[in-house]
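Spelled out, the chains give:
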Amino acid sequence: MSVIGTVESLWRYPVKSMRGEELDEIFAGYAGVYGDRLFAFESSASPKGFPFFTGREHRQMIRYRARFRHADKAAQPINVAEAEKLSPNINPISANAADLMIDVETPDGKTFAIDDPGLIEHLRANIDEKHELTLLRSDKAITDCRPLSIFAVQTARKLGEETGVAVDKRRFRANVYVDLTSSDGFAEDGFVGCSLRIGSKVTVAVLQRDARCMMITLDPDTAEKTPAILKQVAQAHEGMAGVYGAVLVEGMLRKGDPVELLN
C-alpha cells in the first residue's frame, strides 16, 4: 500500500445535470454517493437508451441550483452509525422520500419544489418544443455509467496548460477530486484495474476511464461553451478524463482523507 494523494474536495449532484454541491463529508455506498443524482428529467425526444434531458439539450440547466430541504437527513443514511456498530457488512438505509425533498433555484432567482410542474415549464422555455419532460426519482444515483467518479486536480491543470484556457475542475462533475502526490496530469488513468482505499474504510475498485462529452465544454458558472477543452481531450487523451469506480466497502469520505493504492 502507498499513499498517492488526498481528497481535495467532495461533491454530489442532487439533480442530474444541475449544479453540484461541495460537502465536507459524504457517504459512499454500493449504489453511489448518498443523495447523488436522486432526480433526473426524462425527455420524449431523447433516445430510449439514454432518455435524460441534460445540459446537452439545455446548457443553462447546469446553472440551476438544487438543495435538499432537510440537509441534515440528506447528509448520510439515517442509521449508518447504528448499522456500523452491529456489523461492518450491514447496509444502512435511506431516509424516506419526504425527508429527501429538493428545492431548485433557477438562474433568474425563482424557486420551485422539484416536483412542481412549474419547474418543467421553466426548463422548457426557449427550447425545442419536441422535449416533453417527465421527472424521475430513484433511491440510487442516476449516473451515466458507474456509481462513483474520481478526478485528479492535476488533470484539470494539465488541460489548462495544453489549451491555454483556465480549466475549472467543476466542468468534470466528479464525486471525488483528488490531489495526487504526482504532478502529472491524467495520472489517475494508471489506477484502472486497481483498488483505492480512501480514508480509513472506503475501498473503491477503479474500473475504467471516463469517456467525455460536450458537457465539459460548459463553464459551470455561465454555461458558455469552450470547445477547445473537449477537442484537446478527444485528440490528446482518447476522449477520456478521470476514472469511474465501484465501491467495495461502504463508508464516510471526508475532505483531506488519504488516498492509498492497494494493488
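The text that follows walks through the structure, step by step, so that each part is easy to find. In this text the structure is predicted, and so the values were computed from the model without any measurement.

## Concerning the overall build of the protein chain
If you tally the helices and strands in the protein chain, you get four helices and 16 strands. Taken over the C-alpha trace, the protein chain has a radius of gyration of 18 Å; the compact-globule value for 263 residues is 18 Å, and the two agree within 12%. In terms of its C-alpha atoms, the protein chain occupies a principal-axis envelope of roughly 55 × 50 × 30 Å. Counting contacts in the protein chain only where the partners sit at least 6 residues apart, residues at least 24 apart contribute 76% of the total. Total accessible area on the protein chain is roughly 11,900 Å²; 49% of this is exposed by carbon and sulfur atoms. Distance from the positive charge centre (33 side chains) to the negative charge centre (38 side chains) of the protein chain: 2 Å.

## What to know about helix H2 (residues 117-124)
Along H2, the positions that sit buried rather than exposed are Leu 119, Ile 120, His 122, Leu 123 and Arg 124. Residues of H2 that are buried sit in contact with strand E5 (39-43), strand E7 (102-105), strand E8 (111-113) and strand E9 (133-137). Immediately beyond the C-terminal end of H2, within one or two residues, lies Asn 126, with a positive phi of roughly 65°.

## Some points on the nonpolar core
If you look at the biggest cluster of nonpolar residues, it comprises 28 residues, and the most contacted ones within it are Phe 41, Ile 114 and Leu 123. Looking at which element gives the most residues to this core, the answer is H2, with three residues. Beyond its immediate chain neighbours, meaning those up to four positions away, Phe 41 contacts Val 15, Met 18, Pro 51, Phe 52, Phe 53, Met 61, Ile 114, Leu 119, Ile 120, Leu 123, Thr 134 and Leu 135. In this structure, Leu 180, Phe 191, Val 204 and Val 206 belong to the second largest nonpolar core, which totals 23 residues.

## Concerning empty space enclosed by the protein
Going through the model one piece at a time under the given rule, you end up with one cavity of 30 Å³ or more. Its volume calculated, the largest cavity comes out at about 90 Å³. Lining the largest cavity are 14 residues; nearest its centre among them are Pro 88, Ile 90, Pro 92, Lys 201 and Glu 250. Partitioning the lining of the largest cavity into residue classes produces seven nonpolar, four polar and three charged.

## Examining helix H4 (residues 227-236)
When we look at burial in H4, the residues that qualify are Ile 229, Gln 232 and Val 233. Taken down its axis, H4 places every buried residue within 100° of arc, on the same side. For H4, exposure combined with an orientation more than 90 degrees from the buried face picks out Pro 227, Lys 231 and Gln 235. Check the buried side of H4 and you find it contacts helix H3 (153-163) and strand E14 (240-249).

About the thresholds
Residues numbered from 1 in each chain as written. Predicted model: local features only at pLDDT ≥ 70, side-chain atom pairs only at ≥ 80, totals over all residues. Heavy atoms only, no water. Helix = DSSP H or I, 4+ residues; strand = E, 2+ residues; numbered from the N terminus. Rg over C-alpha atoms; globule rule 2.2 N^0.38 Å. Contact = heavy atoms within 4.5 Å. Areas by Shrake-Rupley, 256 points an atom, 1.4 Å probe, with all protein chains shown as cover. Lys, Arg positive; Asp, Glu negative; His and termini not counted. Charge placed at Lys NZ, Arg CZ, Asp CG, Glu CD. Buried < 20%, exposed > 50% of the residue type's maximum accessible area, 1.4 Å probe, protein only. Core = buried A, V, L, I, M, F, W, Y, C linked by side-chain atoms within 4.5 Å. 1 Å grid on protein atoms, 1.4 Å probe; cavity = no way out; pocket = protein on both sides within 12 Å on 5 of 7 lines; lining within 4 Å. Points joined across faces, edges and corners; volume = space filled by probe spheres on them. Nonpolar A, V, L, I, M, F, W, Y, C, P; charged D, E, K, R; others polar. Arc of directions from axis to C-beta.

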